[in-house]
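Structural description and commentary
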Amino acid sequence: MSVFAQKEYDTVICGAGPAGLLAAYTLGRLTGSARRVLLLDKKEPWKEPIFCAEAVSTDRLASLWPIDPDFVRSRLSGIYFTSPSKHRAEFYSKNCGLILNRTKFHRAISDGAEAAGVECHYDTLIHKLEKTEQGWDIFVSRGGEEGKVSARTVIDATGPGCRLTRDIPCLEGIESGDTDLESALFAVAEGIKHSPEHIELFFGSEFRDGYGWIFPRDGKEVNIGFVLGKNVKTGESLRKKLLDFIAKNYPEANVKAVYGGVIACGQSVKPLAKEGLFKAGDAASCVNPISRSGIVESMLSGKIAAESVFQWLNASAENRKSIEEKTLDSWMKALGNKHLQVARAKVGFNSITDEQFDKAAKRLSKLPRERQTLFRIFFNVLWSCPSLIWKMRSFLR
Ligand SMILES: Cc1cc2nc3c(=O)[nH]c(=O)nc-3n(C[C@H](O)[C@H](O)[C@H](O)COP(=O)(O)OP(=O)(O)OC[C@H]3O[C@@H](n4cnc5c(N)ncnc54)[C@H](O)[C@@H]3O)c2cc1C
């Protein structure tokens, strides 16, 4: 395929979501503009819709990418935790989070990657990967034309449940990006009165093993949706469930569009790299198992994958296997171990009853806002259901 600058690259990065974009930028910087890194996606990273509620922690994002007001929809200073009977606890902390405009955010990182010497093509569907003696062949189609590029290493950042690397025999045992796949659905709606600086989370049996949310967008629209546990059967379509929830609680709402997706939110300890192929982001199941946040997590995982690839490219053949093995260690040290603990605590968290949520939220709502710290909110919930203390002991340690 003549559109690519080379036939062979050091690294082809598959997928230009937060993981692939940051991996590309990091590798471009590390390799010093050598134009040996290719980033591919089937669609432009700034093409709407992006299936996401777009909330991130300000500090955690700032540690990975400079915050530019251009890609910030709104700044958050708090979270309402709402119980089934609509008692509300409020955690307040000035500028604790951001609602991103992910299309603009992706463009900023993509520009950074291109400036760092990465070759980017955003209209290229990757069909298949094939292991060769030298590395990998990547089979693509672009504008109706079929083609192939080769690479010594590949980063798979194609998102949750990625099929691309699933049935490749030499990758057996590697993380498959489908650990605890959960369904999530949201609507963009107008006419729902909501504080522009708070996100609101709804807990209880209505959102079994997950939670509902309202996230502000631009002062006029909100993102309203839910995620449910992987084994939950609703007996109705998720779309109907969402629209019924909106109609019941916000009859004045005008739903403009409904979108759905899946979230890979379980932490495994399967290898993240093998045979020169590295996994990053949702393709590596790196989402926080309880909060289900995955944007910053994917970026961090993409950065770790890129750093490992850089070491791999510069290592002798006999040292490469150990670099691949250490990719999981680096992730576990950075966030994975915390996610494992969170995943264990999730079982206890999911067993909290509606009455227990109500009791805790009612008690908290009577406290002045400045006394509703995250620590106090957490312990009030535990206090309302003492059996949880045993179930969550590994988390509390
Ligand atoms: C409804 C919903 C709400 C969410 N809300 C939040 C939130 O508020 N905050 C938060 O932190 N996280 C949220 N998440 C999670 C977050 O969106 C993901 O964790 C994050 O996008 C993962 O980034 P990624 O780069 O790993 O994958 P993705 O963002 O999924 O990117 C993968 C890319 O790979 C491309 N691709 C896939 N297959 C191919 C192929 N064969 N060929 C070429 N390209 C391909 C896709 O086009 C895509 O651009 C939400 C998720 C959902 C579903």
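Residues numbered from 1 in each chain as written. Predicted model: local features only at pLDDT ≥ 70, side-chain atom pairs only at ≥ 80, totals over all residues. Heavy atoms only, no water.

**Some points on the site of the ligand**
Residues in contact with the ligand amount to 35 residues; listed here are only the nearest, Ala19, Asp41, Ala55, Asp282 and Gly294. One nitrogen or oxygen atom from the main chain of Ala19 is found 2.9 Å from an oxygen atom belonging to the ligand. Taking Ala53, its main chain carries an N or O atom lying 3.0 Å from a nitrogen atom of the ligand. Taken together, the elements giving at least two residues each to the shell around the ligand come down to α1 (18-31), β7 (124-131), β10 (181-190), β14 (254-264) and α5 (295-313). Residue classes in the shell around the ligand are distributed as 18 nonpolar, 10 polar and 7 charged. (Near = heavy atom within 4 Å. Polar contact = N/O pair within 3.5 Å; in protein donor to acceptor, adjacent residues only side chain to side chain. Helix = DSSP H or I, 4+ residues; strand = E, 2+ residues; numbered from the N terminus. Nonpolar A, V, L, I, M, F, W, Y, C, P; charged D, E, K, R; others polar.)

**Details of the pattern of salt bridges**
In this structure the tally under the stated criterion is 21 salt bridges. Between Arg152 and Asp10 there is a salt bridge, and its shortest N-O distance comes to 3.5 Å. Pair noted here: Arg152 is in strand β9 (residues 145-156) and Asp10 is in strand β1 (residues 8-14), with a separation of 142 residues, a long-range link. With relative accessibility at 16%, the residue Asp10 sits in the buried group. The partner of Glu54 in a salt bridge is Arg73, and the shortest N-O contact between them spans 2.8 Å. Separated by 19 residues along the polypeptide, Glu54 in the loop between β2 (37-40) and β3 (55-57) and Arg73 in strand β4 (residues 72-82) bring together distant segments of the chain. Classification of Glu54 by relative accessible area gives buried; the value is 5%. Linked through salt bridges whose partners overlap, the residues forming this network are Glu54, Arg73, Glu190, Arg217, Lys220, Glu221 and Lys256. (Salt bridge = Lys/Arg side-chain N within 4 Å of Asp/Glu carboxyl O. Buried < 20%, exposed > 50% of the residue type's maximum accessible area, 1.4 Å probe, protein only.)

**So, the pairing of strand β5 (residues 88-100)**
Bridge count between β3 and β5: 3 bridges; the pairing is antiparallel. By the bridge assignment, Ser57 is partnered in β5 with Gly97. Bridge count between β4 and β5: 9 bridges; the pairing is antiparallel. The residue bridging Tyr80 from the neighbouring strand is Glu90, located in β5. (Pairing = 2+ DSSP bridges.)

**Digging into helix α3 (residues 102-115)**
Between its terminal C-alpha atoms α3 stretches 20 Å, which fits the 20 Å expected from 14 residues at 1.5 Å a residue. When α3 is considered as a whole, its buried residues turn out to be Arg102, Thr103, Phe105, His106, Ile109, Ser110, Gly112 and Ala113. For α3, the secondary structure elements touched by its buried residues are α1, α2 (58-62), β5 and α5. Phi turns positive, to about 100°, at Gly117, one or two residues after α3. (Expected span 1.5 Å × (residues − 1). Contact = heavy atoms within 4.5 Å.)

**Re a positive patch on the surface**
Side chains of Lys42, Lys43, Lys47, Arg163 and Arg166 sit close together on the surface and give a patch of like positive charge. Position of Arg163 relative to the elements: it lies in the loop between β9 and β10. (Patch = residues over 30% accessible without salt bridge, like charges linked within 9 Å, V, L, I, M, F, W, Y side chains within 5 Å. Areas by Shrake-Rupley, 256 points an atom, 1.4 Å probe, with all protein chains shown as cover. Lys, Arg positive; Asp, Glu negative; His and termini not counted. Charge placed at Lys NZ, Arg CZ, Asp CG, Glu CD.)

**Side note on the packing of α1 against α3**
Two elements in contact, α1 and α3, have axes separated by 8 Å at closest approach and are oriented at 25°. Here α1 is positioned roughly parallel relative to α3, judged by the angle of their axes. Seen from above, α1 lies across α3 with left-handed handedness. Contacts from Pro18, Leu21, Leu22, Ala24 and Tyr25 in α1 reach Arg102, His106, Ile109, Ser110, Gly112 and Ala113 in α3. Across the contact of α1 with α3, the residue classes tally to 7 nonpolar, 3 polar and 1 charged. (Axes fitted to C-alpha atoms, helices over the stretch in contact; angles between N-to-C directions. Parallel < 35°, antiparallel > 145°, perpendicular 65-115°, else oblique. Left-handed = near helix turned anticlockwise from the far one by under 90°.)

**Observations concerning helix α6 (residues 320-349)**
Between its terminal C-alpha atoms α6 stretches 40 Å, which fits the 44 Å expected from 30 residues at 1.5 Å a residue. The principal kink in α6, of about 70°, is found at Met332. (Bend = angle between axes of the 7 residues up to and from the residue.)

**Re the packing of aromatic side chains**
Applying the stated criterion to the full structure yields 16 aromatic pairs. An angle of 20° between the planes, with centres 6.3 Å apart, marks the rings of Phe81 and Phe203 as stacked. Of this pair, Phe81 sits in strand β4 while Phe203 sits in the loop between β11 (198-202) and β12 (211-216), placing them 122 residues apart in sequence. Like Phe81, the residue Phe203 is buried in the burial classification. (Phe/Tyr/Trp six-rings, centres within 6.5 Å; stacked < 30°, edge-to-face > 60°.)

**Examining unusual backbone geometry**
For residues besides glycine, phi is generally negative; the peptide bonds are generally trans as well. The peptide bond linking Glu48 to Pro49 adopts the cis configuration, its omega dihedral lying at -5°. Counting through the fold element by element, Pro49 comes out in the loop between β2 and β3. Positive phi, close to 55°, is recorded for Asp180, a residue that is not glycine. Its location among the elements puts Asp180 in the loop between β9 and β10. Of note in the backbone geometry, Ser285 takes a positive phi value of approximately 50° without being a glycine. With respect to the helices and strands, the residue Ser285 is situated in the loop between β16 (277-279) and α5. Judged by relative accessible area, which is 1%, Ser285 ranks as buried.

**As for the sheet that holds β10**
Ordered by their spatial adjacency, 8 strands build an open sheet running β3-β5-β4-β11-β12-β13-β10-β14, and the pairing between neighbours is mixed. This sheet does not close on itself; its edge strands, each paired only once, are β3 and β14. On average, each strand axis in the sheet is inclined to that of its neighbour by 30°, with strand direction left out of account. Where β4 lies against β11, 5 bridges are found, and the strand directions are parallel. Among the inter-strand pairings, Tyr80 is bridged to a residue of β11, identified as Glu200.

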